[in-house]
Amino acid sequence: MREDKREDNQIRETKITTHYIEHNPASCLIEVGKTKVICSASIDDKIPPFLKDTGSGWLTAEYSLLPFSSKERVERERYKVKGRTSEIERLIGRSLRQALNLKLIPDRKIIIDCDVLQADGGTRCASITGGFCALYIAIEGLMKKNIIKANPILGFVSAISIGIVDGKAILDLTYNEDKRASCDLNLVMREDEKIIEIQGTGEGKPFSQDELNSLILLGKIGIKSLIGIQKMAIGQVSVN
C-alpha cells in the first residue's frame, strides 16, 4: 500500500482553481496531492528576433521554486538560473507550444509563469498541466476581444510522472516515492494520445522496452484523468 493509500494506477487528488490571480485572470492554482503551483499566462507583442517577419507567434515559460516550497529553504535564483530550472522551463515551453498552432497568434508571445508554492514531487508535470489551463484562458480572452480570429489550440496537453518502485510500476509519484524509484519517467501527452515528450531515467538499474511500454500505458491512464480535471476546471467551454 502506498503512503497515501492510493492504488498503483491512481493519480493523486488533483484540484485546479482557475482565475486565481486577480490581476491576471489567465491563471490557476493547481494542487496535486501536496504539490501546489500557481500558473499564469501573459501576452506580449515582443516576439523573439528569429521569428521576425515570419508571421508566427511564440510561447515560452518561466519556472521557480519559492523559498518556502521545500522543507529546507530554496535559495532564490536572482542572478543566474540554475541548470535544473532552465531544463524545466524549456520542457514546459516545448510541451505547451505543441498545444498551439503558432501561426494563428501572429507576432505575439505568450509567457507561462509557474511558481511552486509547495513541492512534493511532480512539480514540472503539475506546471505543464496547470500551465495549459492558464494558456486556454488567455486564448479565450484573445478571441473574445477579436484580437485573434481562429482558435489556435490543437488539443489539451497534460503531464504525469510514472516510475518503478519496489519492482512495481506506479503512477504519479510523490517525493518519497521518487527518491526510491529505480526508474523515473515523465510523460507529456496531448488529448489525441500523441506523445510530446518522454523523460526517462534508470536511476537504480536499466529498464527494458517492455517496462517502458507498460509505464507509458500507465501514464495514459493518468493523462486521461488529468485532462478530465482540466476540462472541469475551465467549464469545458469551447473557444470556437
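First, a word on scope: everything that follows refers to the structure included in this document. (Residues numbered from 1 in each chain as written. Predicted model: local features only at pLDDT ≥ 70, side-chain atom pairs only at ≥ 80, totals over all residues. Heavy atoms only, no water.)

Quick look at the overall build of the protein chain
Our working rule: Helix and strand assignments follow DSSP, with helices taken as H or I runs no shorter than four residues and strands as E runs no shorter than two, numbered in order from the N terminus. Atoms considered for the radius of gyration are the C-alpha atoms alone. The globule rule reads 2.2 Å times the number of residues to the power 0.38.
Secondary structure assignment for the protein chain yields four helices and nine strands. For the protein chain, the α and β elements follow one another from N to C terminus as β-β-β-β-α-β-α-β-β-α-β-β-α. At 18 Å, the protein chain has a C-alpha radius of gyration in line with the 18 Å of a compact globule built from 240 residues. Summarising its shape, the C-alpha atoms of the protein chain cover approximately 55 × 40 × 35 Å along the three principal directions.

Structural notes on the nonpolar core
The test is simple: Residue types Ala, Val, Leu, Ile, Met, Phe, Trp, Tyr and Cys, when buried and joined through side-chain atoms within 4.5 Å, form a set referred to as a nonpolar core. Type-normalised accessible area, obtained with a 1.4 Å probe on protein chains alone, sets the label of each residue: buried when under 20%, exposed when over 50%, and partly exposed for intermediate values. We call two residues in contact whenever any of their non-hydrogen atoms come within 4.5 Å of each other.
If you look at the biggest cluster of nonpolar residues, it comprises 60 residues, and the most contacted ones within it are Leu96, Leu100, Ile110, Ile112, Phe132, Leu135 and Ile139. Considering every element that reaches this core, the biggest residue donor is helix H2 (residues 123–144), with 13 residues. Beyond its immediate stretch of four places on either side in the chain, Leu100 contacts Leu59, Ile105, Ile110, Leu135, Ile139, Pro152, Ile153 and Leu154.

Digging into the pattern of salt bridges
Using the following cut-off: In what follows, salt bridge is the name for a side-chain nitrogen of Lys or Arg lying within 4 Å of a carboxyl oxygen of Asp or Glu.
Scanning all chains against the criterion turns up eleven salt bridges. A salt bridge links Asp172 to Arg12; the shortest N-O distance between them is 3.0 Å. Of this pair, Asp172 sits in the loop between strand S7 (168–171) and helix H3 (175–180) while Arg12 sits in the segment before strand S1 (14–18), placing them 160 residues apart in sequence. The burial state of Asp172 is the same as that of Arg12; both residues are buried. Residues joined in a network through salt bridges with shared partners are Arg2, Asp4, Arg6 and Glu177.

Considering helix H4 (residues 209–233)
Put simply, the rule is: Each residue after the first adds 1.5 Å to the expected span of a helix.
When the terminal C-alpha atoms of H4 are compared, their 36 Å separation across 25 residues agrees well with the 36 Å that a helix rising 1.5 Å per residue should span. For H4, the set of buried residues is Leu215, Ile216, Leu218, Gly219, Gly222, Ile223, Leu226, Ile227, Gln230 and Ala233. In the segment just after H4, Gly235 is the residue with positive phi, at about 80 degrees.

Some remarks on the layout of surface pockets
To keep things clear, this is the line we draw: Points on a 1 Å grid over protein atoms alone make up a cavity when a 1.4 Å probe fits among them but cannot get out, and a pocket when they form an open set with protein on both sides within 12 Å along at least five of seven lines; lining residues each have an atom within 4 Å of a point. Grid points are joined across faces, edges and corners, and a volume is the space filled by probe spheres set on the points. Under the scheme applied, nonpolar residues are Ala, Val, Leu, Ile, Met, Phe, Trp, Tyr, Cys and Pro; charged residues are Asp, Glu, Lys and Arg; polar residues are all the others, including Gly.
Looking at the largest pocket, its volume works out to about 970 Å³. Around the largest pocket, the lining comprises 31 residues; the ones closest to its centre are Ala119, Asp120, Gly121, Thr174 and Tyr175. Contributing elements (two or more residues each) for the lining of the largest pocket: H2, H3, strand S8 (183–190) and strand S9 (195–201). Here the residues of the lining of the largest pocket are counted per class, giving five nonpolar, 14 polar and twelve charged. Lining the second largest pocket are 18 residues; nearest its centre among them are Tyr63, Ser64, Leu65, Glu77 and Thr85. Counting residues per element, the ones that place at least two in the lining of the second largest pocket are strand S4 (58–65), helix H1 (83–97) and strand S5 (109–118). Of the residues contributing to the lining of the second largest pocket, the split by class is seven nonpolar, two polar and nine charged.

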